[in-house]
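Now for the letters of each chain:
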Amino acid sequence: MILVPITYKGGIYRHDEVVDLIEDLGGYIIQKHAIAGEIVIQALVPRDDIELIRRVGKPLMGDVTPAPLVGTEIAVVSMSLEIHHLPHASCDIAEYIRRNGAKTNMVGLARGFGKRVAQLNDEERDVINEHDLAIYMLGNFGTCIEQKFPVLRRGIDIPIVVCGGPDKETLQKIIDPPVDGYVGNVGRFMHRTKEAEELTKLDEIVAEVTSVLDHRREEIAKDPLSVSPARLMEVIEEQVPDIGDVTSPTPITVQIAGLRVKLPYDTFADQVKAAGIEGGITVGDVADVLPSRMRDYILVRIKPFSETNIVV
Amino acid sequence: MAFDYFEVECPEQVGGEYYRRLAGVVLLDHDLVKVISKLHILIDPRVPIFVATGVTRKLPPPVKVGDIAAVNIQGEKVVLSIGDETHLAALLRLLWDRFGKERVDQPDRFTVLMQLTPGESEGIEEIVVTDPSETLYKDLIYALQTIAPEGFKVRRQYYGQGRFYFVASENTLPDDILTLVREKFALMGESL
C-alpha cells in the first residue's frame, strides 16, 4: 500500500467522518487544526483511495489537494532574528512552506550575519541536523555568499536548499561543493511577498524543496525503514498517554525517517523505547531514541531494514 | 519615489538593484520619503563598506504650546484649551515634569487646568512641545541601520544643517572616510 501526502480542507461539521474514513483506509492523520469554521487535515492516505475521500468530503464542502511536504520537518535558517531578516523574508518563506504541508522551524543563527564574522555554533549545527532539510536564507551579494557559506554549512549533513539574491546560475557557480537545491533572486528583502511574481518565486522554492525531498525519499526506498514514521506516531500516541497533555500544535512531529516527540527525554525516553509495535517488537528495536537538542524533546530516528532485519 | 535624487552605487548589479528596492521600502515604512530630498547610497561588499549620504527637505518648525492650545491666564489659574490633540500626550508629560502632576489637572479631553505663580506662567506659550528634527535624526539613523547589511556593526553617523551621512562597515572604518563621504555629496551637487 503506497501512502501519499494530502491536505483536506473542509467544514468542521461532520469532519470526523473524514477522519474515521482515513483511519479505516489505513491512512494516518499527521496534523489536524481547526481555523474558525474550517478544518485542515494533513494526512498520509492510500493512493488508490484519494478519490473515495474526495467523494465523501464533497457534500461536506471538503477539498482534497496533494501536499508533497506533509510528513517532513524543515529548518528555515535565517542569518539572524533581527529586523533585517524578519518578518520578511524568513517568515514569509517559512509560512508558505507550512501551507504546503511541511512543519517548518525557524533557526535564527546567533552570528549568521557579516562576511568575515559569520559562524555556526555546535548547538545550531545539531538543531539543523535534526531536520529533513535546511533552507538557507542568504543575502543579496554573491561576494558575501561565496565567502561565508562554507562556514555556515560546516557539519551539516542534511540536504540544503540555498536561497540568495544572485540568480540560480551564479549561486551554482559560487557554491562549492554544490548543495542539493538553489533558488536565485530571493535575497534579503523587507516587504511582504504579495505580488504575483513574488508568489511564483515562493512556489519555486516549494518546487525545489519538493524535488530534493523526493530524491531523499527515493534513496530511503532503496533501503526501506523498519517502520513507517506515521505508524510509529500512532503507536506512541496510543501507548504514551502523556503526549495528550502536550499543548504544542504537533505533539509528535513526523519526519521523513523519524519523529520528534515533544516530551522530556529523561522522563519519557524509556517509555517510548518500550512501546510495542507488533509481535513483541518495540520502538527501541527499530529506532534510536535520542535526546534532541531542541529543548528537552525526544528524537526518534528509525533504522533502515538493512540494520534491523525487521519490517513492521 | 518622491526624491529629487536617489542613486544606489554597487559593484554587483543585481545586489545594487535589490538594495535600491530595499532602501525605498524601508524609508517608506518609516515615513521618511517626504523628508529626504536627495539620497546616495554606496555599498561595496568587497571592501566592505556602506555609505549613505543625503539631504533633508526643510523641516517644519518646533511645535510650541501656543501652536496647539489657546492659553488663558487669570491670576494663578492657567487654562489651556487644546486645539490640536496630536501633541497632547507630549504636552502633558512636559507639564507634569515641569510643574508636578498634582498641579496639572485635565478636567476634560480638551482642557488643561494649572495653578501657577506669575513667574511660572510667564512665556508658557513659547515652551517647545516637540521638535521634529530631534525625532527625525533618530528615525533616519534607525532606518539607515536597517537598510545597511546587518554585519556592518562599526558605524559613524552625522546629521546637521539638513545634511546627513551614515557610514558602516564590518571592519574598522578608514581614517579618511570623510573624503569618501564628501565625494558622494559632490555627486549629488551638494557639499558637507
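Note that the structure is predicted; figures quoted are calculated from it, not measured.

**Focus: the packing of aromatic side chains**
Any two aromatic rings considered together are summarised by their centre-to-centre distance and by the angle between their planes.
All names here are of chain B.
For step 1, the next point in the chain: This structure, assessed with the given rule, holds 6 aromatic pairs over all chains.
For step 2, the next point in the chain: Taking the ring centre of Phe6 as reference, the NZ or CZ of Arg20 above it sits at 4.6 Å.
For step 3, the next point in the chain: Cation over ring: Lys101 sits above Trp96, and NZ or CZ is 4.6 Å from the ring centre.

**Quick word on the side chain of A:Ser90**
All names here are of chain A.
For step 1, the next point in the chain: Secondary-structure assignment places Ser90 in helix α3 (residues 90-99).
For step 2, the next point in the chain: For Ser90, the side chain forms a polar contact with the main-chain oxygen of His85, separated by 3.1 Å.
For step 3, the next point in the chain: Apart from residues no more than four positions distant in its own chain, Ser90 is found in contact with Val76, Ser78, His85, Met106 and Met137.

**Considerations on the sheet that holds strand β2 (residues 36-44) of chain B**
Residue and element names in this part refer to chain B.
For step 1, the next point in the chain: Overall, mixed pairing links the 5 strands, which are arranged β1-β2-β3-β11-β10 in an open sheet. Unpaired on one side and paired on the other, β1 (5-9) and β10 (154-160) mark the two borders of the sheet. Each strand of the sheet is rotated relative to its neighbour by a mean of 5°, with strand direction disregarded.
For step 2, the next point in the chain: By the bridge criterion, 5 bridges tie β1 to β2 in an arrangement that is parallel. Paired with Phe6 across the bridge in β2 is Leu39.

**Structural notes on the packing of α3(A) against helix α7 (residues 196-222) of chain A**
Residues and elements named next belong to chain A.
For step 1, the next point in the chain: Running from N to C, α3 and α7 point in directions that differ by 60°, and their axes come no closer than 10 Å. Here α3 and α7 pass one another in a crossing that is right-handed. Of the residues in α7, those touching α3 at Ile93, Tyr96 and Ile97 are Leu199, Leu202, Asp203, Ile205 and Val206.
For step 2, the next point in the chain: Of the residues belonging to the contact of α3 with α7, the class tally is 7 nonpolar, no polar and 1 charged.

**Examining the nonpolar core**
For step 1, the next point in the chain: The biggest cluster of nonpolar side chains holds 61 residues, and the ones touching the most others in it are A:Ile97, A:Ile135, A:Ile205, A:Val209, A:Leu259, A:Val283 and A:Val300.
For step 2, the next point in the chain: Ranked by the residues each element gives to this core, the list is headed by α7(A), at 7 residues.
For step 3, the next point in the chain: Setting aside residues no more than four positions away along its own chain, A:Ile97 makes contact with A:Leu69, A:Ile74, A:Ala102, A:Thr104, A:Ile135, A:Ile205 and A:Val206.
For step 4, the next point in the chain: The next biggest cluster of nonpolar side chains, apart from the first, holds 33 residues, and it includes B:Phe6, B:Val35, B:Ile36 and B:Ile147.

**Topic: the sheet that holds strand β5 (residues 69-74) of chain B**
Residues and elements named next belong to chain B.
For step 1, the next point in the chain: Reading across from one edge, β5-β6-β8-β7 is the order of the 4 strands in this open sheet, with antiparallel pairing throughout. Strands at the two margins of the open sheet, each flanked by one partner only, are β5 and β7 (104-108). Strand-to-strand twist across the sheet, computed as the mean angle between neighbouring axes with direction ignored, equals 20°.
For step 2, the next point in the chain: Of the strands in this sheet, β6 (77-82), β7 and β8 (111-115) are in contact with helix α3 (residues 88-99), which crosses β7 at around 145°.

**A look at the domain arrangement of chain B**
For step 1, the next point in the chain: Segmentation of chain B into domains returns domain 1 (5-59 + 132-187) and domain 2 (63-130).
For step 2, the next point in the chain: Centre-to-centre, using C-alpha coordinates, domain 1 of chain B lies 39 Å away from domain 2 of chain B.

**Quick word on the pattern of salt bridges**
Residue and element names in this part refer to chain A.
For step 1, the next point in the chain: Counted according to the given criterion, the structure contains 24 salt bridges over all chains.
For step 2, the next point in the chain: Residue Arg14 pairs with Glu17 through a salt bridge whose shortest N-O separation is 2.8 Å.
For step 3, the next point in the chain: Here the salt bridges share partners, and the residues they tie into one network are Asp122, Arg125, Asp126 and Arg293.

**Remarks on the interface of chain B and chain A**
For step 1, the next point in the chain: On the chain A side, the residues contacting the 26 residues of chain B number 24 residues.
For step 2, the next point in the chain: Carbon and sulfur atoms supply 54% of the area that chain B and chain A bury against each other, a total of about 2000 Å² over both sides.
For step 3, the next point in the chain: Three residues stand out in chain B for area buried against chain A, namely B:Tyr18, B:Glu150 and B:Glu170, and they jointly supply 33% of the buried area on that side.
For step 4, the next point in the chain: Taken together, chain B and chain A are joined by 18 residue pairs in polar contact (both at pLDDT 80 or more).
For step 5, the next point in the chain: For the side of chain B that touches chain A, the secondary structure elements donating two or more residues are α1 (13-29) and α5 (132-147) of chain B.
For step 6, the next point in the chain: Sorting elements by how many residues they give to the side of chain B that touches chain A places α1(B) first, with 10 residues.

**As for the domain arrangement of chain A**
For step 1, the next point in the chain: Once the domains are mapped, chain A shows domain 1 (3-66), domain 2 (73-220) and domain 3 (229-308).
For step 2, the next point in the chain: For domain 1 of chain A versus domain 2 of chain A, the distance between C-alpha centres works out to 31 Å.

What counts, and at which threshold
- Residues numbered from 1 in each chain as written.
- Chains lettered and ligands numbered in written order.
- Predicted model: local features only at pLDDT ≥ 70, side-chain atom pairs only at ≥ 80, totals over all residues.
- Heavy atoms only, no water.
- Phe/Tyr/Trp six-rings, centres within 6.5 Å; stacked < 30°, edge-to-face > 60°.
- Lys NZ or Arg CZ within 6 Å of the ring centre and 35° of its normal.
- Helix = DSSP H or I, 4+ residues; strand = E, 2+ residues; numbered from the N terminus.
- Polar contact = N/O pair within 3.5 Å; in protein donor to acceptor, adjacent residues only side chain to side chain.
- Contact = heavy atoms within 4.5 Å.
- Pairing = 2+ DSSP bridges.
- Axes fitted to C-alpha atoms, helices over the stretch in contact; angles between N-to-C directions.
- Left-handed = near helix turned anticlockwise from the far one by under 90°.
- Nonpolar A, V, L, I, M, F, W, Y, C, P; charged D, E, K, R; others polar.
- Core = buried A, V, L, I, M, F, W, Y, C linked by side-chain atoms within 4.5 Å.
- Buried < 20%, exposed > 50% of the residue type's maximum accessible area, 1.4 Å probe, protein only.
- Domains from an automatic or database assignment.
- Salt bridge = Lys/Arg side-chain N within 4 Å of Asp/Glu carboxyl O.
- Buried area = accessible area lost by both parts, 1.4 Å probe.

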